[in-house]
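As a plain string of letters, each chain reads:
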Amino acid sequence: AQDMVSSSSASAVALHGPTSSSDGSSSGRLRGCSVPPELARKLGLECAALTPAAATSVAARPAAPYLLRADGRWQLVVGSLTDGRGSPLHFSLDLSEQGLPPKQRRRLSEPPSAHSLFVALGRPAPGLRIVDATGGFGSDAMLMSKCFGAVVSVIERNPLVYAVLQEAAARAAPPGSPSVFGGPVLFGDASEILSGSPAASAVGAAWAPGDIDVVYLDPMFPRQKARKGMPDLPMQVLAECCEAVASAAGDAGPAESTTERRLLDAALRLARERVVVKRAADSPFFAGTKPASSLKGTTNRFDVYMPRGVAPASGKEAKTAVDPFDAIRAA
C-alpha cells in the first residue's frame, strides 16, 4: 500500500458510514450526491457533499473515517491522523508498478523462496488459485500474485477499505483482468461468500468445489494488538477504519470466537489444498484450533490447516522460517 498526503478539491463529496435508518437497518441515504447511488447503497454508506471547510480543516471535518471523492479517485480521510502540519491526512492507494513504495517493489522482486508465506502455501507453481479473504489494502495479495504467480481473488468486508482497494486494483489491472491480483475484488462477509450462501452469488463468487486451491486469512486485530511500537501508516489507517465500522455495529454481531470459527470452517470447506492463517508469533491459534503445521518468524507466524481428506504437510513446513518482514525493516 502507498500513502499519500495531498490537498482535495472543494467540490469533493464524501461517503460516511456505516449509517443506520430509524428501524436499525443499514442505510445508504443520499443527499444530492454525485457518487453513483448504487455504490453508496451497496456499501451501506451515507453520501453527502463535503463543505470547503471540512475539506481543508481538521476541526471542521467529520470525526470518523470517511471516503473522499476527489481528483477522480477515492481517498480515505481519518480524523485521528494528520499530515504533520495539522491538516487532514488523505490516504490514497496506487497499486500500479510505478505507484508502489520502493520497499514493496523490492519485496516483490525477491525470489518466492525468500518469503515464509510462499513456504506456507506449499511452494506452489504459478497459477495457484487463492482467495485472500481478509484483503485489507492488498499487500499480501500483491505478493501472492506478482511474486508467486498466483491468481488471487480478494474479499474485503469493510466498506471504506473496499472502495479504495477495488478502485486501485482495477486501475492497475492488465487488459482483460478484473484486477491487478488476477481475480475479482469482492465486498462482503467472507464467511458467507466462502460458504456459497446467496451473498456469494450476489457478488459473483459462486465457487464450486475444486475451484479454489488455498484460502488465506490475515485477521487484523489480534496481530496488531500483539505488535510493539507504532505500525506503519497504512496499518494505522486500516485499524481506524475497522474500529469505526465495529463501533457502528455495536454489540449486534456474534462473539469473536464464533466469527473466527465460522470463517475457518467456511475456508476449510472451500479450499482444495489448504488454509493459511497469518498470526502474530505469540498469538493463540485462530478459532482456538491447532493447525497441522506452523512457520514461525521473528514477529509473525503462518499456521497451515488441511481440509478433511488432505494429507498433512511434510516436516519441511514445521520448522522456523525467515520472517518475511525482516528484509523490509533492514532496508
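Now for a quick tour of the structure. Bear in mind that the values here come from a model prediction, so they are computed numbers and not experimental data. (Residues numbered from 1 in each chain as written. Predicted model: local features only at pLDDT ≥ 70, side-chain atom pairs only at ≥ 80, totals over all residues. Heavy atoms only, no water.)

1. Some thoughts on the overall build of the protein
On a plain count of helices and strands, the protein comes out with 12 helices and 15 strands. The burial tally for the protein puts 49% of its 331 residues in the buried class. Within the protein, contacts between residues at least 6 apart in sequence are counted, and of these 63% link residues at least 24 apart. Only carbon and sulfur atoms are counted for the fraction: they give 53% of the accessible area of the protein, which is about 14800 Å². (Helix = DSSP H or I, 4+ residues; strand = E, 2+ residues; numbered from the N terminus. Buried < 20%, exposed > 50% of the residue type's maximum accessible area, 1.4 Å probe, protein only. Contact = heavy atoms within 4.5 Å. Areas by Shrake-Rupley, 256 points an atom, 1.4 Å probe, with all protein chains shown as cover.)

2. A short note on the environment of Glu240
With respect to the helices and strands, the residue Glu240 is situated in helix H10 (residues 233–249). Distance in space between the C-alpha atoms of Glu240 and Ala64 is 8.5 Å, their sequence separation being 176 residues. Setting aside residues no more than four positions away along its own chain, Glu240 makes contact with Pro65, Val78 and Ser80.

3. Quick look at the pattern of salt bridges
In this structure the tally under the stated criterion is eight salt bridges. The salt bridge involving Arg261 is made with Asp265; its shortest N-O contact spans 2.6 Å. Of this pair, Arg261 and Asp265 both sit in helix H11 (residues 256–270), four residues apart, which is roughly one turn of the helix. Using a relative accessible area of 28% as the deciding quantity, one classes Asp265 as partly exposed. Between Glu273 and Arg272 there is a salt bridge, with its nearest N and O atoms 2.9 Å apart. On the accessibility criterion, Glu273 (27% relative accessible area) is partly exposed. Overall, Arg272 belongs to the partly exposed group, its relative accessible area being 42%. Among the ionic contacts, a cluster of salt bridges with common partners joins Arg129, Asp213, Arg272 and Glu273. (Salt bridge = Lys/Arg side-chain N within 4 Å of Asp/Glu carboxyl O.)

4. Quick notes on the sheet that holds strand S9 (residues 129–132)
Strand order in the open sheet formed by seven strands is S11-S10-S9-S12-S13-S15-S14, with mixed pairing between adjacent strands. One side of each edge strand has no neighbouring strand; the edge strands of this open sheet are strand S11 (182–187) and strand S14 (293–296). Ignoring which end each strand starts from, the neighbouring axes of this sheet average 15° apart. As judged from the six bridges shared by strand S13 (residues 274–280) and strand S15 (residues 300–305), these two strands associate in the antiparallel manner. Its bridge partner lying in S15, Lys278 is registered against Phe302. Set on the sheet, helix H6 (residues 159–171) makes contact with strand S10 (151–156) and S11; between it and S11 the angle comes to about 155°. (Pairing = 2+ DSSP bridges. Axes fitted to C-alpha atoms, helices over the stretch in contact; angles between N-to-C directions.)

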